[in-house]
Amino acid sequence: MENIEQTPAKQSKRDFLKYILGGSFLAWIATILYPLVAYLKPPKQAEVEVTSVKVGKLQDIEKESGQIVKFGNKPVILVRAANGELSAFNATCTHLDCTVQFRKDMGVIWCACHNGKYDLTGRNIAGPPPRPLDPLRVIVQGEEVFISKNV
Amino acid sequence: MTQRHSLRISCFVFLLVTSVQTAIMAQDQCLTCHEAMEDSHAALFKKDIHYAKGLTCADCHGGDASKEEMDAAMNAKAGYIGVPKGDRISATCSKCHSDAAVMVKRYRSALPLDQMELLEKSVHGKLSTSGREHIAQCTSCHGSHGIVTKTNRTSPVHPLNLPATCAKCHSNATFMRTYDPGLPIDQLEKYRTSVHGKRNMSGDPKAAECASCHGSHEVLSAKDVRSSVYPTNLPATCSKCHSNATYMKGYGIASDQHEQYAKSVHGKALLEKKDLGAPACNDCHGNHGAAPPGLESVSKVCGTCHALNAELFSSSPHKKAFDSRKLPECETCHGNHEIVAATDELLGVGEGAVCAWCHKENENIKGFEVARTMRSLADSLITGENEAISLVSEAEQKGMEVGEAKFKLREIRQARLETRTKVHSFDLKQFQEVADLGLAATSTVTAEAGEAIDQYFFRRWGLLVASLIITILAVSLFVYIRRIEKEQAQNR
Amino acid sequence: MKNKLLALYRWIDERVELRDLIEFMGKKYVPVHEHSVWYYFGGVSLFLFIIQVVTGILLLFYYKGSEELAFESIQFIMSKVEFGWLIRSIHSWAANLFILAAIIHMFSVYFTKAYRKPREITWLTGMAMLFLGMGFGFSGYLLPWNELAFFATKVGTDIAGVVPVIGKPIMILLRGGEDVTGATLSRMFGFHVAIFPGLFVVFLGIHLLLVQRQGMSEPIGFENSPANQKTMPFFPNFLLRDLLLWLLVLNVIAVLAVLFPWELGVKADPFAPAPSGIKPEWYFMFMFQSLKYIPAQVLFVDGEVLGILLFGFAGLIWTLVPFWDRKSAAGQQNRLVNYIGLFVVLYMILFTILGWLA
């Protein structure tokens, strides 16, 4: 029920309060909505990649070739031998942690830093590496090739 | 003198002599007979040191040396054992040679008493292929009847003869194959090409021969950790002679190699860390064919482990430059025995840099520029890496997620390692290629870490702003509530 | 603006007949007395639950509930998704605050005996929600699939398995097998985002309906002091105050989420040995710590089994308080209930602290 007369001062105070209340409420809504909307926008790297990585189609992987694949936080080397067999290893050299590569001319997995060599079973066969490379599983599902952790 | 008098004297002398001779001969009837039989062993025995010391045949073969008749002398009841075979031989020697009461008290000998004990523990003390005796007996090396001291030039174990003695078995492929087919049999051949071997052949008894390094009675397999030629023990073995300045006088080489080696990376790795991957003296000098590598082959020798560096060096302009100036390849910059860990300090044209020895601002200018550029690139990589690491660490401390940036740090470390190898190509282009990869990784990591740190502050500013808004809203809401309640109270 | 809202209201009212409901709600009053402040905790619990639902649904957009991807998906949310860190940390903090608020709410209801007739069902649904809340906490804790959670789940389900007769089947049901594996993770995920929310909403609906229908409970003896019978209308006074408090709680959560972001830890490795110092979350701590003080064997009963049965029994008695507290139902003070309640509060606090110190 409308009652006591509002003095102009009181009235302007009420309006002021209404503005502040309304304004800060809208600001508050914005503070809530902005992060939510930003959250829902897909980030640049759209997916989580991890303990199983799809490499690609089997026919795209040449025989006698090797490639480095990012596996979560680690580099992994996928090698396809001359007879078509696939193998994958942790591409961190067991000597001083450089990233190894496949050398078709040498027929081995080679480390550029100190000439360490590993055969295609990952065993260290020459140079300073003290241990073989850790193997990973290669799974071929239909046409797709996956690398997954050895469990 | 009367005739009767001289006759009496000569009879007396004759009797004296014959009785003495008989007395002597009466002690070793074995020898008497066997000598008469023209037994070669008896003839040899006359030259034997045991004969000189008064021992008889029976002292080794048993029996009664005073008896003339065979049956009485070579009588089992008198202890006759005939020709001992197998371990019986060494046991016979050991009867005296391991007995202090005999060796020291009776014969006042300075010889050691532990030969048998050592032999049994050595590799030669293992059972032979027949399984019935040790591989080696005392007689295998020392001979049986003409044994002389090792200082005697005719002794088979005299330093100048020893190599041939060992080679009797060790160069016999058929024989060695029955024990260790993998063991080489060309040691003697190689030895003859070595400095030690050549000196030995020219009659120098001071030069090292088989026993000098391998030991005599206590020879162990080189694979045995206790062996004097096991990699971790080998430098000390070589050092026995080579670090003895007095011993090495007159040979014209230094005697501080071991001292230097112990300070080097290789020495510390092998001697302190027991890393068998590190080279001992023989890995670079050879063991039986020991000799320092020739000037032009130094890089090949170092290259047996440091393959990549050697390969790069061999195809670099330095190869021809060094060889033509008779500079030993790797050694010129890295030293030979006192090789210290190579740091970036070696590179470039500043203080302590080896390039500056030949390349100066107005001399060998092209190399000067290359060296200087390489060093500055290497320095950039170091500062870049340090900056990247500290930024990533800061971001991590602030609780930000920097797993990917940390992963990329590996690339910088890899570039630093690879560039150090690429130096040996002395080709700026190759070096730069690798360095650029590292520098690119540096900027990526620095950027990512920087972004993470910025996020940290953004969050806090954002919180401040949001809190401000909420506070204003809360306060105005509170005032609003108060107002409503005041009105309600007024209306009541 | 106001006219538009009125028009909308009239449109709906013509079809749904809201008028009676609105009138009824407009008459709702909240008693004002020295213990009034505790009334707010129900609302705060509700607010925190709503926050959990909202942030939980948002997390569902990016979380992947399989053994291989769970950990990394949360890493992804924390580092790659814009404000992902905020949503996740809010979810973790609000979870704990929710359980804290619910516990405080429960104790305030207990001590003011608000559970007495006619509010027994409200109490029962409330207890059900508290237990569900702890279930939410237990199942949600495993979802990041980190080392601590893995072993905490192992230990927790081990304890469940100790209950005689039904324990083992329950443990296998919870674990999805004999051991804690990826199957367990899937199960916990299902519990956490489907089963528990479904059940919770049912109980919540009943609970709120009853609170609206029955109004706020007054302390025993409130009617007998007319001088003190102050009340305030639920709309708009109490509601606005409620909203104000919720605003402040929101700010507290924001501060916590930014200044004390929730850790992720290390990914679970079933083959690695258990890390030292595995502890359950604080709301289970007092029970966990108590079990440690029970001797391994008590007469013919295994110590752990005895402990669990005792706690189960205690929980049951507590839940049934409206039915054995006759005095409060008759409107009398019940000192015994107060003493029991005090003992329980002190016990919980003491053993939680003991657990932390260990």
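Residues numbered from 1 in each chain as written. Chains lettered and ligands numbered in written order. Predicted model: local features only at pLDDT ≥ 70, side-chain atom pairs only at ≥ 80, totals over all residues. Heavy atoms only, no water.

## Regarding the interface of chain B and chain A
Item 1. The interface is formed by 23 residues belonging to chain B together with 27 residues belonging to chain A.
Item 2. Roughly 2300 Å² is buried in total at the junction of chain B and chain A, and carbon and sulfur atoms are behind 62% of that figure.
Item 3. Seen at the junction of chain B and chain A, the total is zero salt bridges.
Item 4. Connecting chain B to chain A are four residue pairs in polar contact (both at pLDDT 80 or more).
Item 5. If you list the elements that add at least two residues to the side of chain B that touches chain A, you get helix 21 (307–314), helix 25 (403–422) and helix 26 (428–491) of chain B.
Item 6. Per-element tally for the side of chain B that touches chain A: the top contributor is helix 26 of chain B, with 13 residues.
Item 7. Tallied by class, the residues present in the side of chain B that touches chain A amount to twelve nonpolar, six polar and five charged. (Contact = heavy atoms within 4.5 Å. Buried area = accessible area lost by both parts, 1.4 Å probe. Salt bridge = Lys/Arg side-chain N within 4 Å of Asp/Glu carboxyl O. Polar contact = N/O pair within 3.5 Å; in protein donor to acceptor, adjacent residues only side chain to side chain. Helix = DSSP H or I, 4+ residues; strand = E, 2+ residues; numbered from the N terminus. Nonpolar A, V, L, I, M, F, W, Y, C, P; charged D, E, K, R; others polar.)

## Some points on the interface of chain C and chain A
Item 1. Of the residues lining the interface, 21 residues belong to chain C; the matching set on chain A comes to 17 residues.
Item 2. Interface area for chain C against chain A, summed over the two sides, is near 1700 Å², with a carbon-plus-sulfur share of 73%.
Item 3. For the pair chain C and chain A, the number of links is four residue pairs in polar contact (both at pLDDT 80 or more).
Item 4. When residues of the side of chain C that touches chain A are traced back to their parent elements, those giving at least two are helix 3 (40–60), helix 4 (70–79), helix 5 (84–111) and helix 10 (234–259) of chain C.
Item 5. A total of four residues in the side of chain C that touches chain A trace back to one element, the largest contributor, which is helix 4 of chain C.
Item 6. In terms of residue class, the side of chain C that touches chain A is made up of 13 nonpolar, two polar and six charged.

## What to know about the nonpolar core
Item 1. One finds L48(C), W123(C), W145(C) and F200(C) to be the most contacted residues of the largest nonpolar core, which totals 78 residues.
Item 2. Considering each element in turn, this core owes the most residues, 13 residues, to helix 5 of chain C.
Item 3. Beyond its immediate chain neighbours, meaning those up to four positions away, F200(C) contacts F49(C), F98(C), M129(C), L132(C) and F136(C).
Item 4. Membership of the second largest hydrophobic core comes to 27 residues, among which are C355(B), A378(B), A388(B) and F431(B). (Core = buried A, V, L, I, M, F, W, Y, C linked by side-chain atoms within 4.5 Å. Buried < 20%, exposed > 50% of the residue type's maximum accessible area, 1.4 Å probe, protein only.)

## Describing the state of the cysteines
Item 1. Going through the model one piece at a time under the given rule, you end up with one disulfide over all chains.
Item 2. There is a disulfide in this structure between C98(A) and C113(A), and the S-S distance comes to 2.2 Å. Judged by the torsion about the S-S bond (-95 degrees), the C98(A)/C113(A) disulfide is left-handed. Of the two residues, C98(A) is situated in the loop between strand 4 (86–90) and strand 5 (101–103) and C113(A) in the loop between strand 6 (108–111) and strand 7 (116–118); the sequence distance between them amounts to 15 residues.
Item 3. Under the relative-accessibility criterion, C98(A) is labelled buried at 2%.
Item 4. Relative accessible area serves as the criterion here: at 1%, C113(A) is assigned to the buried category.
Item 5. Looking at C96(B), it has no disulfide partner, and the nearest cysteine sulfur is the one in C60(B), 7.0 Å off.
Item 6. Among the residues examined, C96(B) registers a relative accessible area of 26% and is labelled partly exposed.
Item 7. Not part of a disulfide, C166(B) finds its nearest cysteine sulfur in C210(B), a span of 3.7 Å.
Item 8. Overall, C166(B) belongs to the partly exposed group, its relative accessible area being 27%. (Disulfide = S-S within 2.5 Å.)

## Examining the sheet that holds strand 8 (residues 124–126) of chain A
Residues and elements named next belong to chain A.
Item 1. A sheet is described by the order of its strands in space; here four strands give the open sequence 5-6-7-8, paired in antiparallel fashion. The outermost strands of the open sheet, each flanked by one partner alone, are strand 5 and strand 8. Within this sheet the neighbouring strands show an average axis-to-axis angle of 40 degrees, counted without direction.
Item 2. Pairing of strand 5 with strand 6, which is carried by three bridges, proceeds in the antiparallel orientation. Along strand 6, the bridge assignment pairs F102 with I109. (Pairing = 2+ DSSP bridges. Axes fitted to C-alpha atoms, helices over the stretch in contact; angles between N-to-C directions.)

## Topic: the environment of M188(C)
Item 1. By the secondary structure assignment, M188(C) is in helix 9 (residues 182–214).
Item 2. Dropping the residues within four chain positions of it, M188(C) is found in contact with F138(C), S139(C), L142(C), L143(C) and L174(C).

## Brief notes about the pairing of strand 3 (residues 74–80) of chain A
Residue and element names in this part refer to chain A.
Item 1. The buried fraction of strand 3 amounts to six of the seven residues, a majority that puts the element mostly inside the structure.
Item 2. Sheet analysis places strand 2 (residues 65–71) next to strand 3, joined by seven bridges and oriented antiparallel. Counterpart to K70 in the pairing with strand 3 is P75.
Item 3. Between strand 3 and strand 4, which follow one another and run antiparallel, lie five residues, and G84 among them has a positive phi close to 90 degrees.

## Brief notes about the side chain of S290(C)
Residue and element names in this part refer to chain C.
Item 1. Relative to the helices and strands, S290 is located in helix 11 (residues 282–293).
Item 2. Here S290 falls in the buried class, since its relative accessible area comes to 6%.
Item 3. Residues within four places of S290 in sequence aside, it is in contact with F311, Y347 and F351.

## Some points on helix 5 of chain C
Because the α-helix completes a turn every 3.6 residues, residues three or four places apart line up on one side.
All names here are of chain C.
Item 1. The end-to-end C-alpha distance of helix 5 is 40 Å, a good match for the 40 Å that 28 residues give at a rise of 1.5 Å each.
Item 2. Most of helix 5 is tucked away, with 21 of its 28 residues classed as buried.
Item 3. Downstream of helix 5 by one or two residues, K113 has phi in the positive range, about 55 degrees. (Expected span 1.5 Å × (residues − 1).)

## A few points about a nonpolar patch on the surface
All names here are of chain C.
Item 1. On the surface, a cluster of nonpolar side chains totalling about 760 Å² of accessible area is made up of L124, F313, L316, I317, L320, F323, W324, L336 and I340.
Item 2. Residue assignment for the nonpolar patch shows that the elements contributing at least two residues are helix 12 (303–319), helix 13 (321–324) and helix 15 (335–357).
Item 3. With three residues, helix 12 is the single largest residue contributor to the nonpolar patch. (Patch = residues over 30% accessible without salt bridge, like charges linked within 9 Å, V, L, I, M, F, W, Y side chains within 5 Å. Areas by Shrake-Rupley, 256 points an atom, 1.4 Å probe, with all protein chains shown as cover.)

## Examining the packing of helix 25 of chain B against helix 26 of chain B
All names here are of chain B.
Item 1. The N-to-C vectors of helix 25 and helix 26 enclose an angle of 160 degrees; their axes lie 8 Å apart at closest approach. In this view, helix 25 runs roughly antiparallel relative to helix 26, as classed from their interaxial angle. Relative to helix 26, the crossing made by helix 25 is left-handed. Of the residues in helix 26, those in contact with E404, A405, K408, L409, E411, I412, A415, E418, T419 and K422 of helix 25 are Q430, F431, V434, A435, G438, A441, T442, T444, V445 and E448.
Item 2. Partitioned by chemical class, the residues of the contact of helix 25 with helix 26 number nine nonpolar, five polar and six charged. (Parallel < 35°, antiparallel > 145°, perpendicular 65-115°, else oblique. Left-handed = near helix turned anticlockwise from the far one by under 90°.)

## As for the packing of aromatic side chains
Aromatic ring pairs are reported here in terms of the distance separating the ring centres and the angle at which the planes meet.
Item 1. All chains considered together, the criterion is met by 40 aromatic pairs over all chains.
Item 2. Consider the rings of F343(C) and Y347(C), whose centres lie 5.9 Å apart with planes at 40 degrees: the pair is tilted. Taken as a pair, F343(C) and Y347(C) lie in helix 15 at a separation of four residues, close to a single helical turn.
Item 3. With a relative accessible area of 23%, Y347(C) lands in the partly exposed category.
Item 4. We note K206(B) situated over the ring of Y247(B); from NZ or CZ to the ring centre the distance is 4.8 Å.
Item 5. Here the guanidinium or amino end of K398(B) rests over the ring plane of Y456(B), the centre of that ring lying 5.1 Å away. (Phe/Tyr/Trp six-rings, centres within 6.5 Å; stacked < 30°, edge-to-face > 60°. Lys NZ or Arg CZ within 6 Å of the ring centre and 35° of its normal.)

## So, the packing of helix 5 of chain C against helix 15 of chain C
Residues and elements named next belong to chain C.
Item 1. Orientation of helix 5 relative to helix 15, taken along the N-to-C sense of each, is 160 degrees, at an axis distance of 10 Å. The pairing of helix 5 with helix 15 is recorded here as roughly antiparallel in orientation. Crossing geometry of helix 5 relative to helix 15 is assigned as left-handed. When helix 5 is examined against helix 15, the residues F107, Y110 and F111 are found in contact with a partner set consisting of V337, N338, I340, G341, L342, V344, V345 and M348.
Item 2. Split into classes, the residues belonging to the contact of helix 5 with helix 15 amount to nine nonpolar, two polar and no charged.

## Observations concerning the environment of E67(C)
Residue and element names in this part refer to chain C.
Item 1. Examined against the element boundaries, E67 turns out to sit in the loop between helix 3 and helix 4.
Item 2. C-alpha separation for the pair E67 and P144, spaced 77 residues apart in sequence, amounts to 9.4 Å.
Item 3. One polar contact links the side chain of E67 to the main-chain amide nitrogen of G182, over a distance of 3.4 Å.

## Brief notes about the pattern of salt bridges
Side chains carrying opposite charge are able to pair once their charged atoms draw close together.
Item 1. For the structure on display, the rule yields 25 salt bridges over all chains.
Item 2. Between R15(C) and E14(C) there is a salt bridge whose closest N-O contact spans 3.6 Å.
Item 3. For E14(C), a relative accessible area of 60% puts it in the exposed group.
Item 4. A salt bridge links K168(C) to E178(C), with the shortest nitrogen-to-oxygen separation between them at 3.9 Å. Here K168(C) is found in helix 8 (residues 167–175), whereas its partner E178(C) is found in the loop between helix 8 and helix 9, with ten residues between them in sequence.
Item 5. Judged by its relative accessible area of 48%, E178(C) is partly exposed.
Item 6. Here the salt bridges do not stand alone but share partners, grouping K319(B), D323(B) and E329(B) into one network.

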